[in-house]
Amino acid sequence: MTEAALVKACLAQDRRAQKELYDRYSRAMYTACYRICGDFDLANDALQEGFLKVFQKLDTYRGDSTVGAWMKVVIVRTALNKIRTQKVMEPLPLNYADEELDWSATALDTEYLEQAIQRLPAGYRAVFVLIEVEGYKHQEVADLLNISVGTSKSQLFYAKKKLREYLQNV
């Protein structure tokens, strides 16, 4: 079934089409939720809530992008709201120098990197995942998290610094 046909069937409340949409995208969306939330249960909650919102608001999908990209925005925002209720992000001082971190130059096992990312405080982890993994820009992250661009940059800087500390012991 094409993406357009799938969306149309979902809008007509076709349960099989809704299941197919869920099956098609749930794994990738769960990965994003888990990376943001850092907790299996919280990520599952965010995923389920996110898909409920997707199905409730599917009529607002205009087709400007793929349905997957549109869904990712809805689900990422849901995951961010989940962690926002768990911990408050604190603005950090702007006295830093943002350095590039070359992940390809290290011989780290992916598992160690994932574990290190999960150890980050919620604010650091959310900004790191959104920018370095999901490809968002600082302005987009600032808008999503209701923080300043400077705070986004600061959180990313400190997340990278913490990751270096965690990974030096590997």
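Residues numbered from 1 in each chain as written. Predicted model: local features only at pLDDT ≥ 70, side-chain atom pairs only at ≥ 80, totals over all residues. Heavy atoms only, no water.

### Points about the pattern of salt bridges
Convention followed: We count a salt bridge whenever a side-chain nitrogen from Lys or Arg sits within 4 Å of a carboxyl oxygen from Asp or Glu. Helix and strand definitions follow DSSP, with helices as H or I runs of at least four residues and strands as E runs of at least two, each counted in order from the N terminus.
Counted under the stated rule, the structure contains eight salt bridges. One salt bridge in this structure joins E49 and K82, with 2.7 Å as the shortest N-O distance. One end of the pair, E49, is in helix α3 (residues 40-57); the other, K82, is in helix α4 (residues 67-86), and 33 residues separate them in sequence.

### Thoughts on unusual backbone geometry
One non-glycine residue, Q13, lies in positive phi territory at about 65 degrees. By secondary structure assignment, the location of Q13 is in the loop between α1 (3-11) and α2 (15-37). One non-glycine residue, N146, adopts positive backbone phi at about 55 degrees. By secondary structure assignment, the location of N146 is in the loop between α7 (138-145) and α8 (149-168).

### Section: the confidence of the model for the protein
Which entries qualify depends on this criterion: pLDDT: the predictor's confidence for each residue, scored from 0 to 100. The contact criterion used throughout is that any non-hydrogen atoms of two residues lie within 4.5 Å.
Averaged over the protein, the pLDDT score is 84; the fraction of residues at 70 or greater is 86%. Mean pLDDT values for the elements of the protein range from 82 in helix α5 (residues 110-119) up to 94 in α3. Scored below 50 in pLDDT, residues 88-93 shows 13 contacts in the model against residues more than four places distant or in partner chains. Note on residues 95-101: pLDDT is under 50 here. Beyond four places in sequence and across chains, it has 14 contacts.

### Re the nonpolar core
Operational definition: Here, nonpolar core refers to any group of buried Ala, Val, Leu, Ile, Met, Phe, Trp, Tyr and Cys residues whose side-chain atoms link them within 4.5 Å. To sort residues, take the accessible area from a 1.4 Å probe on protein chains only and compare it with the maximum for the residue type: under 20% means buried, over 50% means exposed, and anything in between is partly exposed.
Within the largest apolar cluster, 53 residues are counted, with the highest numbers of intra-cluster contacts made by L21, I36, V67, W70, M71, L80 and L130. Among all residues touching L21, those that are not within four sequence positions of it are L6, C10, F51, V54, F55, V67 and M71.

### Notes on α4
Which entries qualify depends on this criterion: Given a helix with a known number of residues, its expected span is that number minus one, times 1.5 Å.
End to end, α4 covers 29 Å across 20 residues, agreeing with the expected 28 Å (1.5 Å per residue, within 8%). Listed as buried for α4 are V67, G68, W70, M71, V74, I75, V76, T78, A79, L80, K82 and I83. In the core, the buried residues of α4 are packed alongside α1, α2, α3, α6 (122-133) and α7.

### Remarks on the packing of α2 against α3
Quick note on the threshold: Every axis in this analysis is a line fitted to C-alpha atoms, fitted for helices over the stretch in contact. Angles between the N-to-C directions lie between 0 and 180 degrees. Small angles under 35 degrees read as roughly parallel and large ones over 145 as roughly antiparallel, with 65 to 115 read as roughly perpendicular and the rest as oblique. The sense of a crossing depends on the near helix, which, turned anticlockwise from the far helix by less than a right angle, makes the crossing left-handed and, turned clockwise, makes it right-handed. Residues are sorted three ways: Asp, Glu, Lys and Arg are charged, Ala, Val, Leu, Ile, Met, Phe, Trp, Tyr, Cys and Pro are nonpolar, and all the rest, Gly among them, are polar.
With their axes 9 Å apart at the nearest point, α2 and α3 run at an angle of 135 degrees to one another. The angle between the axes of α2 and α3 places the two elements in the oblique class. In terms of crossing hand, the pair formed by α2 and α3 is right-handed. Two secondary-structure elements touch here, α2 through Q18, L21, Y22, Y25, S26, M29, Y30, C33, Y34 and C37 and α3 through F40, L42, A43, N44, A46, L47, Q48, F51, V54 and F55. Among the residues forming the contact of α2 with α3, the class breakdown is 16 nonpolar, four polar and no charged.

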